[in-house]
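Overview (structure and organization)
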Amino acid sequence: MANMAQAIRMALHYAEENLGVTDIFGEDVGAPLGGVFTCTQGLKTTWNSPLDERGIIGAAMGIAMGGGRPVAEIQFCDYVYNTIDLLKLAGNTCWSSNGDWNLPMVVRTPVGSGIRGSIYHSHSFDATMTHIAGWKVVMPSTPLDAYGLLISACKEQNPVMFLEPKALLRVKGEERIPGEPDDDRALSKAIDAPLGDRSQWKPAWPEGLEAFAIPIGKGKLVREGSQLTVVSYGRTLPLCARAAALLADEGISVEVIDLRSLWPYDWEMIKASVQKTGRVLFVNEDTEVTNFGEHLVRRTVEELFYSLLAPPRLLAGKFIPGIGLADTLEMASVPQQNDITDALRSLAGEQP
Amino acid sequence: MSRPRLIKESSAPLQLDKELLVRIHDLMVKTRVLEERLIQMYKQGHGYFWIGGPGEEAFNVPLGLLMKKGQGPEYDYLHAHYRQSGTLLALGEEPIGALRQMKNTASDPYSGGRNFAGHFSLRKYNVAPVSSPIEVQYSIAPGTAMVQKRVGGEGITIVTGGDAGTAEGDFASCLVWSSRPANPLPILIIVTNNKWGISTSAEGQHGEPRVSERGKAFNIRSKTINGNDPVEAYQELKEAMEYVRKERKPFLLEANVSRLYGHSSASGANYVSEEEDCLKNFEARLEQDGVLTRQQMDELRNRYTEDMAAAARIARDEPLPAPETIWKHIFAEDK
Ligand SMILES: Cc1ncc(C[n+]2csc(CCOP(=O)(O)OP(=O)(O)O)c2C)c(N)n1
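A few points on the structure. (Residues numbered from 1 in each chain as written. Chains lettered and ligands numbered in written order. Predicted model: local features only at pLDDT ≥ 70, side-chain atom pairs only at ≥ 80, totals over all residues. Heavy atoms only, no water.)

Comments concerning helix α1 (residues 4-18) of chain A
Residue and element names in this part refer to chain A. The end-to-end C-alpha separation of α1 is 20 Å, in line with the 21 Å expected for 15 residues at 1.5 Å each. Of all 15 residues that make up α1, 13 are buried, and the element is covered over most of its length. Between the side-chain oxygen of the N-cap and the backbone nitrogen of Ala5 there are 3.1 Å, and the N-cap of α1 in question is Asn3. Directly after α1, the chain includes Gly20, whose backbone phi takes a positive value near 80°. (Helix = DSSP H or I, 4+ residues; strand = E, 2+ residues; numbered from the N terminus. Expected span 1.5 Å × (residues − 1). Buried < 20%, exposed > 50% of the residue type's maximum accessible area, 1.4 Å probe, protein only. Polar contact = N/O pair within 3.5 Å; in protein donor to acceptor, adjacent residues only side chain to side chain.)

Here we look at the interface of chain B and chain A
The interface of chain B with chain A comprises 38 residues on the first partner and 39 residues on the second. Buried area between chain B and chain A, summed over both chains or domains, comes out near 3,200 Å², and the portion from carbon and sulfur atoms is 61%. Three residues, Arg123, Trp177 and Phe331 of chain B, lead the burial of chain B against chain A; their summed loss comes to 22% of the area buried on that side. In this structure, Arg54 of chain A and Asp170 of chain B form a salt bridge, with 3.0 Å as the shortest nitrogen-oxygen distance. Counting across the interface, chain B meets chain A through 17 residue pairs in polar contact (both at pLDDT 80 or more). Contributions of two or more residues to the side of chain B that touches chain A are made by β1 (77-79), α5 (136-151) and α6 (169-178) of chain B. Tallying contributions element by element places α5 of chain B first for the side of chain B that touches chain A, with 8 residues. Broken down by class, the residue content of the side of chain B that touches chain A amounts to 17 nonpolar, 12 polar and 9 charged. (Contact = heavy atoms within 4.5 Å. Buried area = accessible area lost by both parts, 1.4 Å probe. Salt bridge = Lys/Arg side-chain N within 4 Å of Asp/Glu carboxyl O. Nonpolar A, V, L, I, M, F, W, Y, C, P; charged D, E, K, R; others polar.)

Here's the deal with the pairing of strand β12 (residues 313-317) of chain A
Residues and elements named next belong to chain A. One ladder, built from 4 bridges, connects strand β11 (residues 280-287) with β12; its direction is parallel. For Thr287, the partnering residue across the bridge sits in β12 and is Gly317. Of the crossover connections in this fold, the one passing from β11 over helix α9 (residues 292-304) to the parallel β12 is right-handed. (Pairing = 2+ DSSP bridges. Right-handed = clockwise from strand over helix to strand, strands pointing away.)

Considering the side chain of Asp258 of chain A
All names here are of chain A. Inspection of the secondary structure puts Asp258 in strand β9 (residues 254-258). The charged side chain of Asp258 is buried without a salt bridge, its nearest counter-charge being Lys220 at 4.9 Å. A distance of 2.6 Å separates the side chain of Asp258 from the side chain of Ser141, its partner in a polar contact. Contacts of Asp258, omitting those with residues within four sequence positions, involve Ser141, Asp145, Gly219, Lys220, Val222, Ser232, Tyr233 and Leu237. (Lys, Arg positive; Asp, Glu negative; His and termini not counted.)

Let's talk about the site of the ligand
All names here are of chain B. Around the ligand lies a shell of 16 residues, among which Tyr82, Arg83, Ser132, Ala164 and Gly165 are the nearest. Within the backbone of Trp196, a nitrogen or oxygen atom sits 2.9 Å from an oxygen atom of the ligand. For the ligand, whose free accessible area comes to 580 Å², the fraction covered by protein is 73%. Looking at side-chain class alone, the shell around the ligand contains 6 nonpolar, 7 polar and 3 charged residues. (Near = heavy atom within 4 Å. Areas by Shrake-Rupley, 256 points an atom, 1.4 Å probe, with all protein chains shown as cover.)

Everything listed here is a matter of coordinates, which is why it stays silent on function.
Laid out in structure tokens, this is it:
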């Protein structure tokens, strides 16, 4: 099966062929590299921008205003911070012009820990991004979801922030993307650029790729359970799923929700699950102070208080200025498998 | 502090057709009277904040007249700043729109009561929404220019902003993105230099003798002009626009202008008598050359003053947007 980087590439290929994508650009996005994570290799409309994040976001806005359909990349989300006012502007352009202008643009950026990226290649962006109204914000945890969400993003009339969990970009999926060939090696040979000289290389895109779209705003029930709910997205989602499988052996039944879309998000799915289980843990790896999960906790308390058997909890990254390079430091800074399993076990055992 | 020169040679004959001179004058008067009405509305409590362009009419009006007006990349894009009512009126907008924006009525055609005066947005004429953060338009403008370059045709992108704002990185972004040898862009980069950023003088803001000289480093054709002279502004804009239209390359134009009522209501919005008044000067020349009589010009001004007062009365009585409309247009619906 395709990994997430390949899935993103296939979705972008589909989108430039069929959905009117005109510009896929950013630092090192075009030839010869095709993106530092290889997500844009071999695509037709790619180009390398100046090393200027404000210019990249600004150009995407201008291209969208001009009638193009841009997919811009910020190489690491850590470098998106100097564009915050432009993100705010992109988010409010439709509203402030009373609906006159809208910006159909996608911004992709890799987020989170997991590649030993030290202080400036490990940041999360979910809390900051969900604070900026007027954007849709998605973060897949599987290649198929990455494909389907990106197809939806490229059909949007509105700006979409597509957050790519770096730790999962090289993880193969368990579900096949519609149209993807059966043989993984054949896929790699067809669409992964060769090492060395690539000047003559052209990808052989799978012919049957489809407009498989995952609607923005819909979560995914990854595993059914009856005793507690865990809601996550991105890198920590597979860890939550593994924890649920582990705890099942201990007789603890955990329902796992992959939020997939952070804004708008699937409150109905969370609500139905929490009303059933009475216990909920929200997990992400952004720093824990003013965390997007805090919003979910607040809403859970306000709307579902009388369904709760235990206080809703948040497991998130430590509130520290960065993620240190040493393995021990990274592991201690953001939720790991054990932290999640322990937190779920503890929540399951909590007695009023 | 060095000041913009008054008029090149005040005795030289006006080098534009009479009809055009009259039209420019008409729009300059209309703009001035509109701005004075906006200031009055603000001072009477019919608005919360005023910012606008009295003093810049001689440059802004010709700009609007010369734009290829329409929607989409075949036409010119304007990434404006907040002093360009003259350009909007020259594009054919009626002043009541600006009055409605000042009064934040639901009928405000540019923002539905959501944004400040002077913050125009007009998709039908490719006028991008004016933003309060200064200079961001310089980062955005290369995007429309890129589309225009690809589409072909004659459409160009025009971006304007103030001189103090050129200290922001977005201005450098614009120079870089517009002049890459592999993809030069059809963009007219304008800086209106009124010698001030709120209260900080140009001397305290930037060291280059002329902002336009920054273009040299990027191999961008550049010029500084007297933006207080509508004839010079018209001719220089025309030439610069023709270059950008034809060559599909950037041009950096610095226009020295006046700031006739200070920075905004934040600095009092009172008439600054030491500033050159482009309208007064132009009228003196029109009279001297026998294009218009003093009486004709006075009558025109009186007529606009009455029109504007009537329009302001209309705007004042219109309803504010309903509170529940805050939820409208957060996202665009499929069009
Ligand atoms: C990014 C940003 N910083 C600060 C301000 C506050 N501000 C508004 S106008 C202005 C001065 C702008 O001067 P200039 O660029 O010369 O334009 P002018 O208003 O003189 O036409 C400032 C500092 C702002 N609007 N945006």
